[in-house]
Amino acid sequence: MPLLQINSSQQEIELSLLDQLHLTGAEILSEQLGKSIEYVMVMINCGNSLSFAQDTETPCAYLEVKNVGKLPPEKTQNLTTHLTALVTETLKIAPSRVYIEFQESERHLWGWNGKTFG
């Protein structure tokens, strides 16, 4: 149910770093949201045309976290801390150049395996 999408302005990301983002990103969502890792999806897009503060040269990232169920402030703060560290350490993007958007979804608005969770 949880989805982590990482959009990076970097043109290419080494395969080993992509693997690390997928594995660690899934672990972070699973642990922080208390959901089985079997349902966590991670999507990584590199080479996006992103700018931050009118700067297109310095790497930046936009992350989205979508979840079936509530995302209270303490969870979004913990997720922000962990996901920012992941992107900073793995992709060498400054924390001040990372935005994270959170989205809650009701169970009937999320489909999987031919049906919704509602």
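Calculation notes
Residues numbered from 1 in each chain as written. Predicted model: local features only at pLDDT ≥ 70, side-chain atom pairs only at ≥ 80, totals over all residues. Heavy atoms only, no water. Pairing = 2+ DSSP bridges. Helix = DSSP H or I, 4+ residues; strand = E, 2+ residues; numbered from the N terminus. Axes fitted to C-alpha atoms, helices over the stretch in contact; angles between N-to-C directions. Contact = heavy atoms within 4.5 Å. Phe/Tyr/Trp six-rings, centres within 6.5 Å; stacked < 30°, edge-to-face > 60°. Buried < 20%, exposed > 50% of the residue type's maximum accessible area, 1.4 Å probe, protein only.

Novice: Help me understand the sheet that holds strand S1 (residues 3-8) in this model?
Specialist: Sheet strands pair by backbone hydrogen bonding; their relative direction is either parallel or antiparallel. The strand order across the open sheet formed by four strands is S2-S1-S3-S4, and the pairing between neighbours is mixed. Since the sheet does not close on itself, it has two edges, and those belong to strand S2 (41-45) and strand S4 (98-105), each with one partner. Shown here is a sheet whose adjacent strand axes are inclined to one another by a mean of 10°, direction ignored. Note that S1 and strand S3 (residues 61-68) share six bridges and pair antiparallel. Bridge pairing links isoleucine 6 to leucine 63 in S3. Contacts from helix H1 (residues 15-33) reach S1, S2 and S3 within the one sheet, and its direction differs from that of S2 by about 140°. Against the sheet, helix H2 (residues 73-91) engages S1, S3 and S4, with an angle of about 140° to S4.

Novice: Got a minute to help me understand the packing of aromatic side chains in this structure?
Specialist: To describe a pair of aromatic rings, you give the distance between the ring centres and the angle between the ring planes. For the structure on display, the rule yields three aromatic pairs. Both rings, one in tyrosine 39 and one in tryptophan 112, keep their centres 5.3 Å apart while their planes meet at 85°; by these two values the pair is edge-to-face. With a gap of 73 residues between them, tyrosine 39 in the loop between H1 and S2 and tryptophan 112 in strand S5 (residues 111-112) connect regions that are remote in the sequence. Classification of tyrosine 39 by relative accessible area gives partly exposed; the value is 34%. The exposure class assigned to tryptophan 112 is partly exposed, which follows from its relative accessible area of 43%. Seen from their ring centres, phenylalanine 52 and tyrosine 99 are 5.0 Å apart, and the 55° between their planes marks the pair as tilted. Separated by 47 residues along the polypeptide, phenylalanine 52 in the loop between S2 and S3 and tyrosine 99 in strand S4 bring together distant segments of the chain. The exposure class of phenylalanine 52 is buried, given its relative accessible area of 18%.

On their own, these measurements won't tell you what the molecule is for.
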